[in-house]
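What follows is each chain in one-letter form.
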Amino acid sequence: RPMITAHLLPLVLLLTAALRVAVAQQLPDCMKVDLEFIPSEEEMQEVVIPSHCVNLDFFNAGWGDKEVAVLAKALPNSPQVAYVALVRNSIKDAGAVALSATLKDRPDLALSRITLDFNAVADRGAKALAAALETTQLSHVSLNYNYVSEYGGRVLARAATKAGKSVEAKHNEGMVVAWSKLVQEAKDSAAAESRRRHGHANEL
């Protein structure tokens, strides 16, 4: 196993301290784990999320796609993590794609909820998350205040509807339009089916 390098040591110490505090206070959540550095592929093996961490909260951490990529690489070693909150950061499509790719590679992970409110995720990220909704244990995605267009909104809406999952995406104009069109399509389909059955009954 690779040795812990000097610049990685502060993270290890921080995680150890966080573990002690959380255990002492019997807290199920882990907040503000510092992953500001970008480790190499070899050092990535040393990034460990403590086993008691079920919910991770990185609110306003100043994170971008690179930090989220580090987190995504660490998640396969932490199958107990069920919720990741990344509110008010600078995460774009690449970050959302990295999380989705990890889930698709490891569908056995318990991660079921991702909150990406107040970021900069657009259609590519939305499409990746939609695929994860359909094929993994991910059951809820929150993308309030991002940059999802009507196209990305339709992909998300259809995936959530098909898989029986949920998506929250307020203040994404495209998402509002997409949901409205999806609802109208469902109504039109139901009306057409009703007319078909009524016509068939009349023929009898």
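Just above, that's the structure.
These numbers come from a predicted model, not from an experiment.

## Digging into the side chain of Glu 67
Stage number 1. If you trace the backbone, Glu 67 turns up in helix H2 (residues 65-74).
Stage number 2. Buried charged residue Glu 67 carries no salt bridge. Nearest counter-charge: Lys 66, at 7.8 Å.
Stage number 3. A polar side-chain atom of Glu 67 sits 2.9 Å from the main-chain amide nitrogen of Gly 64.

## A look at the pattern of salt bridges
Stage number 1. Counted under the stated rule, the structure contains four salt bridges.
Stage number 2. One salt bridge connects Arg 106 with Asp 108, and the closest N-O pair in it is separated by 2.8 Å.
Stage number 3. Taking relative accessible area as the criterion, Arg 106 reaches 27% and is therefore assigned partly exposed.
Stage number 4. On the accessibility criterion, Asp 108 (46% relative accessible area) is partly exposed.

## Brief notes about the nonpolar core
Stage number 1. Formed by 37 residues in total, the largest nonpolar core has its most connected members in Leu 71, Leu 86, Leu 116 and Leu 143.
Stage number 2. With five residues, helix H4 (residues 123-135) is the single largest residue contributor to this core.
Stage number 3. In this view, Leu 86 contacts Phe 58, Trp 63, Leu 71, Ile 91, Leu 99, Thr 115, Leu 116, Asp 117 and Asn 119; residues no more than four positions away in its chain are not counted.

## Here's the deal with the packing of aromatic side chains
Two descriptors summarise a pair of aromatic rings, namely the distance from one centre to the other and the angle between the planes of the rings.
Stage number 1. Applying the stated criterion across every chain, the model contains two aromatic pairs.
Stage number 2. Ring centres 4.3 Å apart and planes at 25 degrees place the aromatic pair Phe 58 and Trp 63 in the stacked group. Each member of the pair Phe 58 and Trp 63 is classed as buried.
Stage number 3. Taken together, a centroid distance of 4.3 Å and an interplanar angle of 10 degrees make the contact between Phe 118 and Tyr 145 stacked. A residue pair is termed long-range when its members are at least 10 positions apart, and Phe 118 in the loop between strand S4 (113-115) and H4 and Tyr 145 in the loop between strand S5 (140-142) and helix H5 (150-163) qualify at 27 residues.

Reading the values: the criteria
- Residues numbered from 1 in each chain as written.
- Predicted model: local features only at pLDDT ≥ 70, side-chain atom pairs only at ≥ 80, totals over all residues.
- Heavy atoms only, no water.
- Helix = DSSP H or I, 4+ residues; strand = E, 2+ residues; numbered from the N terminus.
- Buried < 20%, exposed > 50% of the residue type's maximum accessible area, 1.4 Å probe, protein only.
- Lys, Arg positive; Asp, Glu negative; His and termini not counted.
- Salt bridge = Lys/Arg side-chain N within 4 Å of Asp/Glu carboxyl O.
- Polar contact = N/O pair within 3.5 Å; in protein donor to acceptor, adjacent residues only side chain to side chain.
- Core = buried A, V, L, I, M, F, W, Y, C linked by side-chain atoms within 4.5 Å.
- Contact = heavy atoms within 4.5 Å.
- Phe/Tyr/Trp six-rings, centres within 6.5 Å; stacked < 30°, edge-to-face > 60°.

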